[in-house]
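# Architecture and fold: a report
Each chain, written out:
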Amino acid sequence: SNDKILVEMDESTGVAVMKMKNPPVNGLSLELLTEFSISLEKLEIDRGCRGLILTSASPKVFSAGLDITEMCGKSAEHYAAFWKAVQEMWLKLFGSNMVTIAAINGSSPAGGCLMAMCCDYRIMADSPKYAIGLNETQLGIVAPFWFKDTMTHTVGSRVTEQSLQLGQMYPAPAALKFGLVDQLVPEDKVQITAAAAMAQWLSVPDHARQITKPMIRKPIVDRLVKQREADIDNFVSFISKESIQKSLQAYMDRLKQKKQ
Ligand code: CO8
């Protein structure tokens, strides 16, 4: 199937809008991640496409992060394939040559926050109901080094250290204060603001911008490229532990109970 990632390309501006569509919360499943990487690769090699706006087709949630069911009760082979797809998404998005802007139209925990941080610029819906952050430790799991590197790249070491240890989720206004997002606008203005910011970024000559971006990002990308297999092995052995499976299961149960 081919329906979890919607892409609309505007030939006149050279800007593609990519919407994640995996109801109810845009969990990053193996299927979504695979489709994401294929779609991004297509845009990357399309010389007419200069900019990408990443957003969600669901109101209220940008992405709930990795689909936890992909990490529960599955085989080692499945965990390895899943983790490889998470790595691929990150390598492609963080390393993109295009201008990438996240239009964060709702909550954005964990993997959702990671995707947003991979972009060059972040615009978030101005509501304290929506929060963003890397909350992994709250689930009893650990954000890998390249999640940490991405956050450090975005907000610096001190904020990252504290945020990661606490698994802190920040309501949009708090996230703006220390630069986890760049701009807050009313919910119904997120898309139009992203388009305006994109026009500004695209006013810089591509060749100059495209040499500048990897000066900062390439060493961060290379760190994962060099140890991709070890990182997969590490994930598979960690996630397969009975104690880790128990905490993930308990977290899923809590998510479901919250509703009743
Ligand atoms: N994966 C799978 N299912 C999920 C997820 C998820 N990440 N998030 C929510 N769901 C499910 C809920 O269980 C619920 O299911 P059901 O309808 O069957 O009860 C359904 O989606 C709807 O969820 P909510 O009712 O909670 O929806 P709300 O609109 O009230 O809230 C939120 C949306 C804010 C996104 C909320 O669902 C939430 O906080 N979800 C949890 C997000 C989270 O903690 N994600 C962490 C994922 S881990 C990750 O991304 C990185 C891991 C790094 C790996 C570490 C290496 C070991």
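Residues numbered from 1 in each chain as written. Predicted model: local features only at pLDDT ≥ 70, side-chain atom pairs only at ≥ 80, totals over all residues. Heavy atoms only, no water.

### Describing helix H7 (residues 190–202)
- For H7, which comprises 13 residues, the first-to-last C-alpha distance of 18 Å matches the rise-based estimate of 18 Å (1.5 Å per residue) to within 8%.
- For H7, the set of buried residues is Val190, Thr193, Ala194, Ala197, Met198 and Leu202. (Helix = DSSP H or I, 4+ residues; strand = E, 2+ residues; numbered from the N terminus. Expected span 1.5 Å × (residues − 1). Buried < 20%, exposed > 50% of the residue type's maximum accessible area, 1.4 Å probe, protein only.)

### What about a nonpolar patch on the surface?
- There is a patch of nonpolar side chains on the surface, built from Ile211, Met215 and Ile216 and spanning about 350 Å² of accessible area.
- Within the secondary structure, isoleucine 211 sits in helix H8 (residues 206–226).
- Here isoleucine 211 falls in the exposed class, since its relative accessible area comes to 56%. (Patch = residues over 30% accessible without salt bridge, like charges linked within 9 Å, V, L, I, M, F, W, Y side chains within 5 Å. Areas by Shrake-Rupley, 256 points an atom, 1.4 Å probe, with all protein chains shown as cover. Salt bridge = Lys/Arg side-chain N within 4 Å of Asp/Glu carboxyl O.)

### Brief notes about the sheet that holds strand S1 (residues 5–10)
- What the six strands build is an open sheet, ordered S1-S2-S3-S5-S7-S10; its pairing is mixed. Both edges of this open sheet fall to S1 and strand S10 (183–185), since each of them pairs with a single strand only. Taken pair by pair, the neighbouring strands of this sheet meet at an average axis angle of 20°, ignoring direction. (Pairing = 2+ DSSP bridges. Axes fitted to C-alpha atoms, helices over the stretch in contact; angles between N-to-C directions.)

### A few points about the site of the ligand
- Among the 27 residues in the neighbourhood of the ligand, the closest are listed as Leu66, Ile68, Tyr251, Lys258 and Lys259.
- Alanine 64 places a polar main-chain atom, nitrogen or oxygen, 2.9 Å from a nitrogen atom of the ligand.
- Residue tyrosine 251 places a side-chain N or O atom 2.6 Å away from an oxygen atom belonging to the ligand.
- When isolated, the ligand has an accessible area of 1100 Å², and the protein chains bury 79% of it. (Near = heavy atom within 4 Å. Polar contact = N/O pair within 3.5 Å; in protein donor to acceptor, adjacent residues only side chain to side chain.)

### What about the pattern of salt bridges?
- Taken as a whole, this structure holds 14 salt bridges when the rule is applied.
- Linking arginine 122 and aspartate 182 is a salt bridge whose minimum nitrogen-to-oxygen distance equals 4.0 Å. Of this pair, arginine 122 sits in strand S7 (residues 121–125) while aspartate 182 sits in the loop between helix H6 (172–177) and S10, placing them 60 residues apart in sequence.
- We note a salt bridge from aspartate 206 to arginine 209, for which the minimum N-O separation is 3.9 Å. You can see aspartate 206 and its partner arginine 209 sitting in helix H8, three residues apart, about one turn around the helix.
- Judged by its relative accessible area of 22%, aspartate 206 is partly exposed.

### Re the pairing of strand S5 (residues 99–104)
- A large share of S5 lies buried, amounting to six of its six residues.
- Side-chain alternation along S5 places Val99, Ile101 and Ala103 on one buried face and Thr100, Ala102 and Ile104 on a second face that is also buried.
- Sheet analysis places strand S3 (residues 51–56) next to S5, joined by four bridges and oriented parallel. The residue bridging glycine 51 from the neighbouring strand is valine 99, located in S5.
- Inspection of the sheet shows S5 paired to S7 by four bridges, in the parallel sense. Opposite alanine 103, over in S7, you have isoleucine 123 as the bridge partner.

### Here's the deal with the pairing of S3
- The element S3 is largely enclosed, with a buried count of six among its six residues.
- Where burial is concerned, the two faces of S3 agree: the one with Gly51, Ile53 and Thr55 and the one with Leu52, Leu54 and Ser56 are both buried.
- Inspection of the sheet shows strand S2 (residues 15–20) paired to S3 by six bridges, in the parallel sense. Bridge pairing links valine 17 to isoleucine 53 in S3.
- Considered for its hand, the β-α-β crossover made up of S2, helix H1 (residues 30–45) and S3 is right-handed. (Right-handed = clockwise from strand over helix to strand, strands pointing away.)

None of the figures reported here should be taken as evidence of function without further support.
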